[in-house]
Structure formats: structure tokens, C-alpha cells
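# Examining the three-dimensional arrangement
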Amino acid sequence: MLLTLLFTLNCYAIESEQWITDVHYLASDELEGRRTGTVGAERARAYIEQRFAQLTLTPLKGLESFRQTFSEPGRRKNLVHGINVVSAYSHADAPYILVTAHYDHLGRKGRRIFNGADDNASGVSAMLELALRTTKNSMQCNVMFLATDAEEHGLLGAKAFANTGVLESYRLFANLNLDMLSQPGGRHDLLVSGVKSHPAFEDLTSQIETDISLPMINTDAGYRVGRYPVKGDRTKVSDHAVFAERGIPFLFLGVGRHNYYHTPRDTASRINEGFYGRVVDASWRFLKGLDGLCGKELQANHTD
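## With respect to the overall build of the protein chain
Check the secondary structure of the protein chain and you find 8 helices and 10 strands. A total of 304 residues make up the protein chain; the buried ones form 58% of that total. Looking at the protein chain alone, contacts between residues at least 24 apart form 79% of all its contacts between residues at least 6 apart.

Quick look at the structure:
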């Protein structure tokens, strides 16, 4: 299987940016919608693991591999068995920034495949690109990359990860959560949540918006955005909710619900590659910005 994955990576990457290569594979019919507990989900995990290995990232201490298995009660109280894929870029005695993106989706129903290109192959592919850039740039703090399973069942992968004691074993500065990044709809803007979770996040968001001229909407205000996202608390709609509840500052990047959300029409062929590329760049700028803020706090603590 690993040889097949490498062949897939190399053949497609000749003509495309790497995150486009990744999103096309993760959203392909071969993975059958990546529903938790299926063969398609296993293929997605193997692919993500291979990408982590290519980047020479390492498993977390206490894990023998990139995988963290778990069993958590779902919404109907049934036990859901899942597997997270997690790696670390550790190079300093410093806190960690946790980058998250869920890789599971709805699977298939009869002949209909819910490919989940935007939800959330796009987030995972962006996370892998951030991992690549992290290894090629000077970072002040450490970074974890967590591809969660069973998000669609109620954020179960994120809950399982938090319950391992990782928050007590590692110093987490912030969580950057990527969920649905490639479908601009008619707005062509990026929704940003968590701006109020840290004193410096509002200025960081404004600076990135200015630098790349990508309109960003601060959803902390809780007003309705577009046709589908309803007024409400977006701190609870994806994996970042688990870490926000534990007092971890977070930023959640996404486009919100759209016409293809949770339908078989959410395919890689519908991805707006130009917009998606801009959001990948914005995501990297957010990670670098978080690293800068983390470094400043680290220096201040050392001075004290």
C-alpha cells in the first residue's frame, strides 16, 4: 500500500501543488467518503502517515507510532472506535501549537459516495502543507499536527486526544483548527473564530487580512454570515471546541456551510483552487503568527 501511495503522490505532484495532490486523493472515490471504521478511513490514515514520515516528523512521546486508537461514546451513546493520526515537530524547550483537521467524513450510502472534498479533505491537505512549511522554516516554538477521526460523530477524536493527558504533559500555546477551506460560495471570504480567545489574535487576524487582501469575517460576534451559517456560537462546531473548553486559545478557519455541504456533490472537481490556494497561504500566515506570539511569551517568561 505504501508503494501505491508514493506512486500516487509522485505522479500527481508533477502537475499540481502538493495540497491539490493531497485533497484529490483524500476525496477520491477510492476512499469512499472516509467514514470512521471503514476501509476508506484506513486508506486515508495510511496516506497521512506516509506524508508525516516523508516530512521526518515524529510520533508523540508515549505513542509507538503516529496512531492513537480510542473508543468514545457517540451521540447515541454507542461506542465509536476510531484512530487519530498525530505527529510532532519538536526542536526546542518551548510550548506547542496544535494544528488540527478532521479526516473522517460521512462515507457512502448505497451507490452515493460522500467524498467530503471540502469537508474536510481540504483542511487535512492544508494541514499537511503547513507541516511541510514548518519543517522548512525557522520556528520559535514546537508544533503538533493532529488529524482527528470521528469528528462527524461528535468531536470524538479531539476529545480522545485531550483525554490522553496531552494537555497536562505538553504546554499548549494555542490550537489552529482547519475545517472546510476550499469552497468560497458567492462570498470569497474566510470565516475566523476564536479572535477573542487571546488578546493578540484580533490584531493578528487584521494584519493577515491586510497583507494578503483576503476578506475575513470575525464570527465571534455571533451574527449570521451568508445563507447557510446561522447565528450562533461557532466555538462549538468543530474540534477546536474541545480545546476551547479547556481554556486553550484557538483560531478556527473555515468557509462555513454551503450548497455542497454534507452532500455527494462535495467533490474535488468543485474545489476553487485559486481561492483554496489563498486560504492555504492564510493558514500558514496564521501558524507563523501564532509561533511569533508564542515566542514572545516564551521570551517574556524567561526574562521574568
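## What to know about the confidence of the model for the protein chain
Atomic detail in the predicted coordinates should be set aside for any region of low pLDDT. For the protein chain, mean pLDDT is 90; residues scoring 70 or higher make up 89% of the total. Overall, residues 1-15 carries pLDDT values under 50, and its contacts beyond four positions in sequence, including any with other chains, amount to 22 contacts. Residue range residues 225-230 is modelled with pLDDT below 50. Its contacts to residues more than four positions away, or to other chains, number 12 contacts.

## As for the nonpolar core
A general feature of soluble globular proteins is that nonpolar side chains tend to end up buried together. Ranked by internal contacts, the top residues of the largest apolar core, which has 68 residues, are F145, L176 and L178. Considering each element in turn, this core owes the most residues, 12 residues, to helix α8 (residues 273-303). Beyond its immediate sequence surroundings of up to four residues, L178 is in contact with V99, T100, A101, N120, G123, A126, M127, L130, L253 and S283. Within the second largest apolar cluster, 19 residues are counted, among which are L60, F161, Y170 and L172.

## Quick word on helix α3 (residues 39-54)
Between its first and last C-alpha atoms α3 spans 23 Å; for 16 residues at 1.5 Å apiece the expected length is 22 Å, and the two agree. Of the positions making up α3, those classed as buried are G40, A41, A44, R45, A46, Y47, I48, E49, Q50, R51 and F52. With its phi angle positive at about 55°, T56 sits one or two positions after the end of α3.

## Some points on the pairing of strand β2 (residues 79-89)
Most of β2 is tucked away, with 9 of its 11 residues classed as buried. Sheet topology note: the strand β1 (residues 67-73)/β2 ladder contains 7 bridges and is antiparallel. Residue Q68 lies in a different strand from β2, and its bridge partner there is N84. The hairpin turn running from β1 into β2, its antiparallel successor, is 5 residues long, and K77 in that turn takes a positive phi close to 70°. As paired elements, β2 and strand β6 (residues 142-148) share 5 bridges and run antiparallel to each other. Each bridged residue has a counterpart across the sheet, and for S87 the counterpart in β6 is F145.

The rules behind the values
- Residues numbered from 1 in each chain as written.
- Predicted model: local features only at pLDDT ≥ 70, side-chain atom pairs only at ≥ 80, totals over all residues.
- Heavy atoms only, no water.
- Helix = DSSP H or I, 4+ residues; strand = E, 2+ residues; numbered from the N terminus.
- Buried < 20%, exposed > 50% of the residue type's maximum accessible area, 1.4 Å probe, protein only.
- Contact = heavy atoms within 4.5 Å.
- pLDDT = per-residue confidence, 0-100.
- Core = buried A, V, L, I, M, F, W, Y, C linked by side-chain atoms within 4.5 Å.
- Expected span 1.5 Å × (residues − 1).
- Pairing = 2+ DSSP bridges.

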